[in-house]
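Here are the chains, one letter per residue:
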Amino acid sequence: ASTHSTGSRTHASCGGPIPCRSADGSKHARGSREPILAARVPTRPKDIHHLENREWRRQHTQQRPMAPLALGLAKVGAGLAIGTPVALTGAVVSLLTKMHGSVGVAAPTKRMLAEEDAKACALFRHLPALAEKIAWRSLGADVTPIHRCALNTPSGVPVSFFVKREDLASPVYGGNKVRTLQHQLAVIESKYEAGDPRCANIHVMGTGGSNQVVATAVHARERLPKLTALWMDKDVPDLDNTLNMLSTLSMPLAAKFNWAEPLPVLKRLVGAAFGGDGVVVTAGGNCPAGVLGQVGGLLELAEQIEAGAMPSPDRIYLPIGSSCTTSGLI
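Given the structure is predicted, the values throughout are model-derived calculations rather than measurements.

Q: When you look at the nonpolar core in this model, what are you seeing that I'm missing?
A: Soluble, globular proteins show a tendency: their nonpolar side chains are buried together. Val-103, Leu-185, Val-187, Ile-188, Ile-202, Leu-224 and Leu-227 are the most contacted members of the largest nonpolar core, which has 32 residues in total. For this core, the secondary-structure elements that each account for two or more residues are helix H5 (177–193), strand S8 (202–206), helix H6 (211–220), strand S9 (227–231) and strand S11 (279–281). With near-sequence residues (within four places) excluded, Ile-188 lies in contact with Val-103, Cys-199, Ile-202, Leu-224, Val-279 and Val-281. With 11 residues, the next largest nonpolar core counts Leu-95, Met-205, Leu-230 and Val-265 among its residues.

Q: Just to check I follow, could you spell out the packing of H5 against H6 for this structure?
A: Relative placement of two packed helices is described by the angle separating their axes and the distance separating the axes. The contact between H5 and H6 brings their axes to 10 Å, and the two run at 50°. One way to sum up the angle between H5 and H6 is to call them oblique. Viewed along their axes, H5 and H6 form a crossing whose handedness is right-handed. Contacts from Lys-177, Val-178, Thr-180, Leu-181, Gln-184 and Leu-185 in H5 reach Asn-211, Gln-212, Ala-215, Thr-216, His-219 and Ala-220 in H6. Partitioning the contact of H5 with H6 into residue classes produces five nonpolar, six polar and one charged.

Q: What's the story with a negative patch on the surface in this structure? I'm lost.
A: Judged by side-chain charge, Asp-233, Asp-235, Asp-238 and Asp-240 come together as a negatively charged surface patch. Within the secondary structure layout, Asp-240 lies in helix H7 (residues 239–249).

Q: Would you mind going over the sheet that holds S9 with me for this structure?
A: Sheet strands pair by backbone hydrogen bonding; their relative direction is either parallel or antiparallel. Reading across the sheet, the four strands line up as S10-S9-S8-S11 and stay open at both edges, with parallel pairing between neighbours. The sheet is open, and its two borders are formed by strand S10 (255–257) and S11, each paired with just one other strand. Neighbouring strand axes in the sheet, compared pairwise and without regard to direction, differ in orientation by 20° on average. Bridging between S8 and S11 involves three bridges; their strand directions are parallel. Residue pairing across strands places His-203 opposite Val-280, the latter belonging to S11.

Q: What exactly am I supposed to notice about empty space enclosed by the protein here?
A: The probe, sized like a water molecule, is rolled over the atoms to show the empty space still left. For the coordinates displayed, the defined rule picks out one cavity of 30 Å³ or more. Reported here for the largest cavity is a volume of approximately 60 Å³. If you trace the largest cavity, you find it lined by Arg-137, Leu-139, Leu-185, Ala-186, Glu-189, His-219, Ala-220, Arg-223 and Leu-224. If you list the elements that add at least two residues to the lining of the largest cavity, you get H5 and H6. Broken down by element, the residue count for the lining of the largest cavity peaks at three residues, all from H5. Looking at the lining of the largest cavity residue by residue, the class counts come to five nonpolar, one polar and three charged.

Basis of the calculations
Residues numbered from 1 in each chain as written. Predicted model: local features only at pLDDT ≥ 70, side-chain atom pairs only at ≥ 80, totals over all residues. Heavy atoms only, no water. Core = buried A, V, L, I, M, F, W, Y, C linked by side-chain atoms within 4.5 Å. Buried < 20%, exposed > 50% of the residue type's maximum accessible area, 1.4 Å probe, protein only. Helix = DSSP H or I, 4+ residues; strand = E, 2+ residues; numbered from the N terminus. Contact = heavy atoms within 4.5 Å. Axes fitted to C-alpha atoms, helices over the stretch in contact; angles between N-to-C directions. Parallel < 35°, antiparallel > 145°, perpendicular 65-115°, else oblique. Left-handed = near helix turned anticlockwise from the far one by under 90°. Nonpolar A, V, L, I, M, F, W, Y, C, P; charged D, E, K, R; others polar. Patch = residues over 30% accessible without salt bridge, like charges linked within 9 Å, V, L, I, M, F, W, Y side chains within 5 Å. Areas by Shrake-Rupley, 256 points an atom, 1.4 Å probe, with all protein chains shown as cover. Salt bridge = Lys/Arg side-chain N within 4 Å of Asp/Glu carboxyl O. Lys, Arg positive; Asp, Glu negative; His and termini not counted. Charge placed at Lys NZ, Arg CZ, Asp CG, Glu CD. Pairing = 2+ DSSP bridges. 1 Å grid on protein atoms, 1.4 Å probe; cavity = no way out; pocket = protein on both sides within 12 Å on 5 of 7 lines; lining within 4 Å. Points joined across faces, edges and corners; volume = space filled by probe spheres on them.

Written out as structure tokens, the structure is:
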């Protein structure tokens, strides 16, 4: 084991000078760059030798701790590089999980049972015991009709298919969001009347042209406090998306935030999800109460097939977004 110090090599066992090769291959003594012969290595008095040896030890003893420190910092840096994405992913998953369970479930109030006809809900027709377990409001919706469509393809082959007209679910604002809101808004209403302070601060999230945001604003305004709209991201600036946002803005809201204000949006979501400062109606209504509404939609379709409104389909096609409808159908 040997080391270089100030341009020379010092033997580890005695610290004495021994010849060392320079970059050009010539030999030199410690502290000198002048080439010498190996036989001419000078001797030094012991006191000078020991003083220099102690100085060498002092310098290297002070420098040695830097290696473990650098290694430790490197490990910390590597850990952060690996751990930060994992931690962020975990935080996002935790937030989504909290929001997914934000609405939850609740039993209907006595007023709901008196005002709503449980037989008008397909889910309750097939599982009547649930009528007193899970809150539900019809929101003015009725059974949506099934229409048959036929057309000729460019190749000349005729194609026919059936459409369940969810857009006609409500005369106020239709679409499949009505089913997701029938249980969600009723659950929030039930908890609100029971004194749950979270339900006085309702947040609904979606993108700029979200049907979920405008549908929630429309159907919640009769029985629930004003809600806060959280538009998480832009949508294509087409006519439908523009009208949805303008429709939402035309209604009384407690507050509104969009994608240009990420910190206030995140603060609202985190506060509602983790701090109990409100309740979140998730994007697309994909939560247990929202999915139950789509279960009812599938049961209603099964009843219509049995009644002869259409044959049993080989396939069911539907647009996909939050997968709430898909979850209910499955």
